[in-house]
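Inside the fold
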Amino acid sequence: MMAQARCILCYDGALRGHLRHEGPMTRREKFRAYMARVAAAADPALAIEQQLYVHPPGAISDLIVARFEIDPGARHLVVGGVGSGKTTQLVTAKNRLNALGDLHAEYLDVSEKQDLRKVRPGCLIALAGGLLRGLLGAEAPKGFAWEPFMKWVDGSWGLELLGGMLVGRGLGGLVPGVVSSPQHDWDDIPNEHVMTVSKAHAQFSRRGRTLAVLFDALDRMTDHEAFARVVEQDIAALRKAGIGVVLVGPIRSLAGFGRLDADRFDYLHFQTPIDAAQDAEGRQFLMEVLEKRAGEGMLSEDAASRLIFFSGGVLRDLISLAKAAGDEAYLRGADSIGVEHVHTAADAYGRALMIGLKQEEIATLRHLQSTGGFVRTSEGDLALIATRRILEYRGSTIRYAVHPVIGELLGQLQPTGRT
Amino acid sequence: MSLWLAATELGDFALRALERPGPNEWLALIVSAGESARAARKLGEELLALDGGLVWTESVAAASAVIEFIQEHREGWLVLSGFDAWGPEEWRILDGDRSAMQRRGTTLLVLEEPALGLMMGQAPNLASWFGGSAWRLEQGSHFLSAEERETRLSALRHQFRLSDAEVIARAEQGQLPGDPPFAEWLVLLGRGDLLGE
């Protein structure tokens, strides 16, 4: 049961006046405008709308669009760390695909439609079918009925027959014939519903457009087996329907047996942090991101360089650190953000990121920091990447590094105490 | 093994929150054991006094309660507590539902350090919204009354069978364990300068 909530309504407190007069309004306004532009947790679509987006070199949206131009039914898997800009790239790809004329792209945050703990085979084909139903409206082909499909999607009152459970009861078992017809890959999805979506897409395509669905948020699924089943069956069913797919999957899709998930796709895209230390073009991109967001005279070049270093090339971390540094500068009475404010912000970020680390994880981080050695073998190793304590860079080779905000603190940490 | 987060007083923390216009700002305030609900209530009062807008305080028993409450309160200040009783699964659920938690207003979580550790480890997507926006509430005269402070000190003396002078002496010699209760003890005695000795 929800605990009692309290709403305290408008009260003009005594301190309010002090706050309003604590400094020149122009300074406060300048900082508040800056803080709004570096809202790291804001919806990525909003940043694009506000023209704060900077196109990165080698953007995966470029690759996705180019592939769809020649293969509109292709299946793309996108993998990348938290805050690396995956959603931004999906939204950008959607906008560009829709401008091509012969593709209709839809962005879909699966977590907004489906409880990620209950994802099962059929979820993605059901969501795609729902999109087609809306797009076709009254245009469905003659003799075509959405009703059974929608009952399957939304559920209905009645008995659920589990495939094959009642077949042959009391009549003996089925003796297979010599010839076995080829089976499709979606054992747990009723074939009639895959055919419904397939027919609907064929009808939609008569307008000269192919549907492509960009499924976001499945990287947040923690049940890997459930993810593997969905990938195995829904991706095949969507292929059968001729619908193009872009799907954001968990990092572990690429590890161990998870590699099989990646094999179900035609193309694999990595959205990794930008290795600013070894990628001059990438570093320039990060600088442009800061210039676009910071505005005139807010950030010195030295401060921007330090922000890029401490971010480790993770876009959301870059913007979060820029915000925290702005916070420090404002509260300390400065007119612009200096290197000292960046260092304070990075120190705070590192301390927060280290909360909850176990001794063996600290040892792994120290080993990586001192030797550069890290072999991703266990769930614990993957967790260090998933939580951004370790960053994975993919250039001509794969390189791992301790997140720079942690790197600064590891040396200060005593085994039995705090710093 | 852990690190001290930067310390803040309640009023300073509220001011920091006020200077972040959003949208969808998330900040965390780390408090001592058993203090979450009270600190959340005081923080709500502080925000109200400073801003005068809509301020909601809520203790959340489960991830589903957070989602439900947020969906009904997209605007204004939201001060949430109750996370200290959560296990890893609740944080994982919240992480999966992060998209449903986009707000136009600012959300402040008041929780103990172990709960923040769980969030960092089990809910990396949500944690990335905070960035480094987590502070430790500096305990002392700004938050506890003299009577409350003495009650807490008495409990610590009884629990560890040490006097205040012995704790300070051990801290000065670098022999005081780094556990949170000892750190809190020093802060309550006004000897936060000995932390990390």
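Thresholds, definitions, all that
Residues numbered from 1 in each chain as written. Chains lettered and ligands numbered in written order. Predicted model: local features only at pLDDT ≥ 70, side-chain atom pairs only at ≥ 80, totals over all residues. Heavy atoms only, no water. Helix = DSSP H or I, 4+ residues; strand = E, 2+ residues; numbered from the N terminus. Buried < 20%, exposed > 50% of the residue type's maximum accessible area, 1.4 Å probe, protein only. Contact = heavy atoms within 4.5 Å. Areas by Shrake-Rupley, 256 points an atom, 1.4 Å probe, with all protein chains shown as cover. Expected span 1.5 Å × (residues − 1). Phe/Tyr/Trp six-rings, centres within 6.5 Å; stacked < 30°, edge-to-face > 60°. Patch = residues over 30% accessible without salt bridge, like charges linked within 9 Å, V, L, I, M, F, W, Y side chains within 5 Å. Salt bridge = Lys/Arg side-chain N within 4 Å of Asp/Glu carboxyl O. Lys, Arg positive; Asp, Glu negative; His and termini not counted. Charge placed at Lys NZ, Arg CZ, Asp CG, Glu CD. Axes fitted to C-alpha atoms, helices over the stretch in contact; angles between N-to-C directions. Parallel < 35°, antiparallel > 145°, perpendicular 65-115°, else oblique. Left-handed = near helix turned anticlockwise from the far one by under 90°. pLDDT = per-residue confidence, 0-100. Right-handed = clockwise from strand over helix to strand, strands pointing away. Pairing = 2+ DSSP bridges. Nonpolar A, V, L, I, M, F, W, Y, C, P; charged D, E, K, R; others polar. Core = buried A, V, L, I, M, F, W, Y, C linked by side-chain atoms within 4.5 Å.

Considering the overall build of chain B
- On a plain count of helices and strands, chain B comes out with nine helices and six strands.
- Looking at chain B as a whole, 59% of its 197 residues are labelled buried.
- Put simply, 73% of the contacts in chain B that link residues at least 6 apart link residues at least 24 apart.
- Of the roughly 7,100 Å² of accessible surface on chain B, a fraction of 48% belongs to carbon and sulfur atoms.

Things to note about helix α5 (residues 86–100) of chain A
Residues and elements named next belong to chain A.
- Counted at 1.5 Å a residue, the expected span for α5 with its 15 residues is 21 Å, and the 21 Å between its end C-alpha atoms agrees.
- Along α5, the residues classified as buried are K86, T88, Q89, L90, V91, T92, A93 and L97.
- Once α5 finishes, G101 follows within two positions and takes phi at roughly 105°, a positive value.

Considerations on the packing of aromatic side chains
- Taken as a whole and assessed by the stated rule, the structure comprises 13 aromatic pairs over all chains.
- A ring pair is formed by W146 of chain A and F149 of chain A, whose centres lie 5.5 Å apart and whose planes are at 65°; its orientation type is edge-to-face.
- Pairing W86 of chain B with W91 of chain B gives two aromatic rings, centres 4.9 Å apart and planes at 55°, and the pair type is tilted.
- The class for W86 of chain B is buried, based on a relative accessible area of 5%.
- Since its relative accessible area comes to 0%, W91 of chain B is described here as buried.
- Ring pairing ties together the aromatic residues W146, F149 and W152 of chain A, which thus form one cluster.

Looking at the environment of G76 of chain B
Residues and elements named next belong to chain B.
- Structurally, the position occupied by G76 is in the loop between α3 (63–72) and β4 (77–81).
- Residues G76 and L29, spaced 47 residues apart in sequence, show a C-alpha to C-alpha distance of 18 Å.
- Setting aside residues up to four positions removed in sequence, G76 forms contacts with L54, R103, G105 and T106.

Some points on a negative patch on the surface
All names here are of chain A.
- A cluster of like negative charges, contributed by E288, E291, E301 and D302, occupies part of the molecular surface.
- Those elements that provide at least two residues to the negative patch are α12 (280–294) and α13 (301–311).
- Checked against the element boundaries, D302 lands in helix α13.
- Looking at D302, the relative accessible area reads 54%, which means it is exposed.

So, the packing of helix α4 (residues 88–96) of chain B against helix α5 (residues 113–122) of chain B
Residues and elements named next belong to chain B.
- For the pair α4 and α5, interaxial distance at closest approach is 9 Å and the crossing angle is 50°. When the interaxial angle is binned, α4 and α5 end up oblique. For α4 against α5, the interelement crossing comes out right-handed. Between α4 and α5, the residues in contact are P88, W91, R92 and D95 and A115, L118, M119 and Q122, respectively.

Some thoughts on the pattern of salt bridges
- A full pass over the atoms with the stated rule returns 24 salt bridges over all chains.
- The partner of R239 of chain A in a salt bridge is D266 of chain A, and the shortest N-O contact between them spans 3.7 Å. Here R239 of chain A is found in helix α10 (residues 224–240), whereas its partner D266 of chain A is found in the loop between α11 (259–263) and β6 (267–271), with 27 residues between them in sequence.
- Classification of R239 of chain A by relative accessible area gives partly exposed; the value is 35%.
- The exposure class assigned to D266 of chain A is partly exposed, which follows from its relative accessible area of 30%.
- Between K323 of chain A and E25 of chain B there is a salt bridge, with the nearest N and O atoms lying 2.7 Å from each other. With K323 of chain A in helix α14 (residues 315–331) and E25 of chain B in strand β2 (residues 25–31), this pair bridges two chains. One exposure class covers both K323 of chain A and E25 of chain B, and it is buried.
- A network of salt bridges, in which partner residues are shared, links D327, E328 and R332 of chain A together with R16 and R20 of chain B.

Topic: the confidence of the model for chain A
Residues and elements named next belong to chain A.
- The share of residues in chain A with pLDDT of 70 or more is 86%, and the mean pLDDT across the chain is 86.
- This model gives residues 1–25 a pLDDT under 50, and the stretch forms 47 contacts once residues within four places in sequence are excluded.
- Low pLDDT, under 50, characterises residues 162–170; the stretch is placed with one contact to residues that sit more than four places away or in other chains.

As for the pairing of β4 of chain B
Residue and element names in this part refer to chain B.
- The buried count for β4 comes to five of five residues, which makes it a mostly enclosed element.
- Burial along β4 is two-sided: the residues W77, V79 and S81 and L78 and L80 are all buried.
- A crossover connection joins strand β3 (residues 55–59) to the parallel β4 through α3; in handedness this β-α-β unit is right-handed.
- One ladder, built from three bridges, connects β4 with strand β5 (residues 106–112); its direction is parallel. Each bridged residue has a counterpart across the sheet, and for V79 the counterpart in β5 is L108.
- In terms of handedness, the path from β4 via α4 over to β5 forms a crossover that is right-handed.

Side note on the packing of α13 of chain A against helix α15 (residues 339–354) of chain A
All names here are of chain A.
- Close contact between α13 and α15 brings their axes to 8 Å; oriented N to C, the two are set at 20°. It follows that α13 is roughly parallel to α15 by the angle criterion. Crossing of α13 against α15: the hand is right-handed. Mapping the contact onto sequence places D302, A303, R306, L307 and F310 in α13 and V339, V342, H343 and A346 in α15.
- Within the contact of α13 with α15, the residues separate by chemical class into six nonpolar, one polar and two charged.

Let's talk about the nonpolar core
- L124, F215, L238, I243 and L247 of chain A are the most contacted members of the largest nonpolar core, which has 99 residues in total.
- Looking at this core, the element that brings in the most residues is α14 of chain A, giving nine residues.
- Beyond its immediate sequence surroundings of up to four residues, L238 of chain A is in contact with L124, I125, A128, F215, I243 and V245 of chain A.
- Counting residues in hydrophobic clusters, the runner-up holds 36 residues, among them I67, L109, A127 and F130 of chain B.

Let's talk about unusual backbone geometry
- With phi around 65°, R388 of chain A is a residue other than glycine that occupies positive phi space.
- Following the sequence through the fold, R388 of chain A ends up in the loop between α17 (379–386) and β7 (390–394).
- Using a relative accessible area of 4% as the deciding quantity, one classes R388 of chain A as buried.
- Of note in this structure, N24 of chain B is not a glycine but carries a positive phi near 55°.

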